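Spelled out from the first residue to the last, the chains are:
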Amino acid sequence: MIGKLTGRLDYRAADHVLIDVRGVGYLVYCSDRTMAALPGVGEAVSIYTDMVVREDLMQLYGFLSLIEKEWHRLLCSVQGVGAKVSLAILSALGPDGVSRAIALGDWSAVKAAKGVGPKTAQRIVLDLKDKAPGVMAMGGTVTEAMDGPELEVVEPGEPASAPKRSVKPPSGASAASAGALSALANLGYGPSDAAAAVAEAAASQPEAGEADLIRAALRLLAPKG
């Protein structure tokens, strides 16, 4: 299976790109958000991939983070949800938005994606609600990995002295939520309750750091009355 590609973006279409990896071209289909975040034609690119193989199909789907890739995998595990619907949901909400919608049970947000009806949206939230804490917790680990050394892409035939084009992996936006989720778990809160509180806090304070999210989530989890 092909899990990641690093090369040069050779061609861009409406919903897919062609990535040249040392002379081999890979067609990779992506969500609208991922397409918008990819570099220009001719530039270096690094992307996580998920490969679908069937009797009548062999296709690669691309993601800028492991969290986006994991949500794609989970979304496709729901009955009636294929790659096209999954990419539509990720296009509409982004991986962090999917985490919030699933954690909060907000099926109306999922329904806003193109081609997703109310019954499918409700099934997605019901089937994946218990999975949201685990995916949200990936944020810290993924961000730390992505903040490592830049990737270097050297084309075949380039002299050793040729300047290398570097690819800086995108920094994750989920580290604060992951840290807050971990802190709440250490305080004894259940995964689902903690995830819902962090998701609600993050939705109301998009720019909040980890400490602010913890305080906001604790207020939401405090007994009422």
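If you're wondering where the values come from, they're calculated on a predicted model, not measured in any experiment.

Reading the values: the criteria
- Residues numbered from 1 in each chain as written.
- Predicted model: local features only at pLDDT ≥ 70, side-chain atom pairs only at ≥ 80, totals over all residues.
- Heavy atoms only, no water.
- Core = buried A, V, L, I, M, F, W, Y, C linked by side-chain atoms within 4.5 Å.
- Buried < 20%, exposed > 50% of the residue type's maximum accessible area, 1.4 Å probe, protein only.
- Helix = DSSP H or I, 4+ residues; strand = E, 2+ residues; numbered from the N terminus.
- Contact = heavy atoms within 4.5 Å.
- Pairing = 2+ DSSP bridges.
- Axes fitted to C-alpha atoms, helices over the stretch in contact; angles between N-to-C directions.

*Asks:* An account of the nonpolar core is requested, with residue identities and associated values reported.
*Replies:* Within the largest apolar cluster, 46 residues are counted, with the highest numbers of intra-cluster contacts made by W71, I89, I102, V110, I124 and L128. Ranked by the residues each element gives to this core, the list is headed by helix α3 (residues 83-104), at 10 residues. The residues contacting W71, other than those within four sequence positions of it, are L90, P95, V98, S99, I102, L128, A132 and V135. Counting residues in hydrophobic clusters, the runner-up holds 13 residues, among them V17, L38, I47 and L64.

*Asks:* Describe the sheet that holds strand β5 (residues 57-63), listing the residues and the values that go with them.
*Replies:* The strand order β1-β2-β3-β5-β4 describes a closed barrel built from five strands, whose pairing is mixed. Adjacent strand axes in the sheet meet at a mean angle of 55 degrees, parallel and antiparallel pairs treated alike. Relative to β5, strand β4 (residues 44-54) is paired through seven bridges, and the arrangement is antiparallel. Counted as the bridge partner of M51 is L60 from β5. Against the sheet, α3 engages β3 (24-30) and β5, with an angle of about 15 degrees to β5.

Function cannot be read off these values alone, since they describe shape.
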